[in-house]
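If you want the building blocks of each chain, they are given just below.
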Amino acid sequence: MKLERRFGFSIRPRAPYNYALTVHKPAGWPLFTPFEIYDEGVFRTALHVSGTLLGLKLKNRGTTENPAFFVEVFMTGVPTPDQKKNIRETLSAKLGANQDVEAFYRMARKDSILKHAVRDLYGMHDTGTANIFAEATLAILLQMAPLNRSEQMWECVIENYGEVAEFDGRKVLVWPTPERIAAVAPGELQRKCKLGYRAKHLVGTATILGKGDFPTLEELTKMPPAESKRKVLELPGIGDYSADIIGPHPGFPIDAWSADVFATLFWRKKPVRSRDVIDKVKKAGITRWGEHCWMAFLYVAHDLEGLSRKLGLNLRLH
DNA sequence: GCGTCCAGGTCTACC
DNA sequence: GGTAGACCTGGACGC
């Protein structure tokens, strides 16, 4: 879909805010889609906001202590003033512009693990996700597979069923909508993208989300965290781990990979079987970091190299 | 080459 | 309520 430049605006986030670390995180996790492009500080990505496909071009114009960046918005139709306001507010929230990291930093500076990570990644903010279905798809395709195989699966799903945002001389592929996947037979996804048993979970989740009566990300945000998580757990193929990474109230999402990392950090010993220590690691992390456990997870996950060096450990980088 | 094992979880049946 | 066992598939590994 060809998108035209319609308007631009500046965002002045709450300092400290490191633009590069926030929009293009060190571990390589995508912001809104695996196909986004980060090229010498210019970041091009795409996502749906209120059902409209947007192409985005972001350029840094500030520093960590005096942060500012410019957003150019590409879309098909001409936006109304209300649409523009909604897009500005939605992007500002998703890019973590208003997030206050000071309380987390105060706690982290006294913690023997996090003190290194907050120094290494000073100014990195948490960011929102494109939408619930994109995150649910990612979570389902990460299950029971090595990372490279998960990548093959989601690239195939996006290439075959996603949309292409064509703007500013570039093409960015975005996750398919739930309506699109709900119309596909699980058998087709198994054959075409080798999703295996995950295909029926993906179509099941798409069917529920595509009906339109499931709470939106904004509605889930307003719910108490426990209620929001209960709701997300109703989606087929979404269990405790996946619910922790796709909901708007992230928890401490421990899977086999992160169990390995955090067990090594907490007890200086790599577990024999990662899966066996998931519950223990999760409890230890929540006890240690409490309300900040998600930010702690984020900072550790993106600073494995720095922490390995400073603590003399071998934290697996995938 | 070929067989076996298992991976960044979840669901179900069974106790 | 707690817990084995099944689940698709493909890459790694041993032989």
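Residues numbered from 1 in each chain as written. Chains lettered and ligands numbered in written order. Predicted model: local features only at pLDDT ≥ 70, side-chain atom pairs only at ≥ 80, totals over all residues. Heavy atoms only, no water.

### Considerations on the state of the cysteines
Here is the rule: In what follows, a disulfide is any cysteine sulfur pair within 2.5 Å. Helix numbering and strand numbering both begin at the N terminus, where a helix is a DSSP run of H or I of at least 4 residues and a strand a DSSP run of E of at least 2. Relative accessibility under 20% of the residue-type maximum defines a buried residue, over 50% an exposed one, and the middle range a partly exposed one, all with a 1.4 Å probe and only protein chains included.
For the coordinates displayed, the defined rule picks out one disulfide. There is a disulfide in this structure between Cys156 and Cys193, and the S-S distance comes to 2.1 Å. Looking down the S-S bond of the Cys156 and Cys193 bridge, the torsion is -75°, so its handedness is left-handed. Of this pair, Cys156 sits in helix α6 (residues 147–161) while Cys193 sits in helix α8 (residues 186–193), placing them 37 residues apart in sequence. Classification of Cys193 by relative accessible area gives buried; the value is 4%.

### Details of the pattern of salt bridges
Put simply, the rule is: The salt bridge criterion pairs a side-chain nitrogen of Lys or Arg with a carboxyl oxygen of Asp or Glu, the two atoms within 4 Å.
Evaluated as defined, the whole model comprises 16 salt bridges. Among the salt bridges present, the one from Asp244 reaches Lys282, with a minimum N-O distance of 2.5 Å. Here Lys282 lies in helix α14 (residues 278–289) and Asp244 lies in helix α12 (residues 240–246), a separation of 38 residues in the sequence. Each of the two residues, Asp244 as well as Lys282, counts as buried. Members of the salt-bridge network, linked through shared partners, are Lys229, Asp240, Asp244 and Lys282.

### Overview of the pairing of strand β3 (residues 42–49)
Working note: regular strand, side chains alternate between the two faces of the sheet. This is how the line gets drawn: Any two strands with at least two DSSP bridges between them are considered paired.
Summarising burial for β3: eight of the eight residues are buried, a large majority. Burial along β3 is two-sided: the face carrying Val42, Arg44, Ala46 and His48 and the face carrying Phe43, Thr45, Leu47 and Val49 are both buried. Summarising the sheet, strand β2 (residues 37–39) and β3 pair through three bridges and their orientation is antiparallel. Residue Asp39 lies in a different strand from β3, and its bridge partner there is Val42. What sits between β2 and β3 in their antiparallel hairpin is a turn of two residues, with Glu40 showing a positive phi close to 50°.

### A short note on the packing of aromatic side chains
Note the threshold: Any Phe, Tyr or Trp ring, taking Trp's six-membered ring, that has another such ring centre within 6.5 Å forms a pair; planes under 30 degrees apart are called stacked, those over 60 apart edge-to-face, and the others tilted.
A complete count under the given rule lists 18 aromatic pairs for this structure. Ring centres of Phe262 and Trp289 lie 6.0 Å apart, and the angle between their planes is 70°; on these two criteria the pair is classed as edge-to-face. With Phe262 in helix α13 (residues 256–267) and Trp289 in helix α14, the pair connects residues that are 27 residues apart, well separated along the chain. For the pair formed by Phe262 and Trp289, the shared burial category is buried. On the numbers, 5.6 Å between centres and 10° between planes, the contact of Trp294 with Phe297 is stacked. Remark: Phe297 and Trp294 occur in helix α15 (residues 293–301); sequence separation between them is three residues, near one turn of the helix. Note on Trp294: relative accessible area 14%, which makes it buried. Take Phe297: its relative accessible area is 5%, and that puts it in the buried class.

### Concerning the domain arrangement of chain A
To keep it simple, the criterion reads: An automatic or database domain assignment provides the domain bounds reported here. Residue contacts are counted whenever heavy atoms from the two residues lie within 4.5 Å of one another. Buried area: the accessible surface (1.4 Å probe) lost by two parts on joining, summed over both. Side-chain atoms alone can form a polar contact between residues adjacent in sequence; in general such a contact is a pair of N or O atoms within 3.5 Å, and within protein one must be able to donate a hydrogen while the other accepts it.
According to the domain assignment, chain A contains domain 1 (5–101), domain 2 (132–162 + 173–246) and domain 3 (256–311). Computed from C-alpha coordinates alone, the two centres of domain 1 and domain 3 are separated by 30 Å. Contact residues are listed per partner, giving six residues for domain 1 and six residues for domain 3. Both sides of the domain 1 and domain 3 interface together cover about 490 Å² of buried area, and 78% of this is carbon and sulfur. The three residues of domain 1 that bury the most area against domain 3 are Lys25, Pro26 and Trp29, which together make up 67% of that side's buried surface. Here domain 1 is connected to domain 3 by zero salt bridges. Counting the contacts that link domain 1 with domain 3 gives one residue pair in polar contact (both at pLDDT 80 or more).

### Description of the protein's contact with DNA strand C
Let me state the cut-off plainly: Think of it this way: one heavy atom of a residue within 4 Å of a molecule or strand is enough to make that residue near it.
Around DNA strand C lies a shell formed by Met144, Arg149, Gln152, Lys194, Gly196, Tyr197, Arg198 and Lys200. Within 4 Å of the protein, the atoms of DNA strand C are drawn from sugar and phosphate moieties in a proportion of 79%. For DNA strand C, a sugar or linking oxygen lies 3.0 Å from a polar atom in the side chain of Arg149. Within the side chain of Gln152, a nitrogen or oxygen atom sits 3.4 Å from a phosphate oxygen of DNA strand C. Elements with a contribution of two residues or more to the surface near DNA strand C: α6 and α9 (198–210).

### Re α6
So the rule is basically this: By this rule, a helix spans an expected 1.5 Å times one less than how many residues it contains.
In this model α6 runs 21 Å from its N-terminal to its C-terminal C-alpha over 15 residues, within 8% of the 21 Å that 1.5 Å per residue would give. All buried positions along α6 are accounted for by Ser150, Met153, Trp154, Cys156, Val157, Ile158 and Tyr161. Elements that come into contact with the buried residues of α6 comprise α5 (132–142), β6 (163–167), β7 (170–174), α7 (178–182), α8 and α9.

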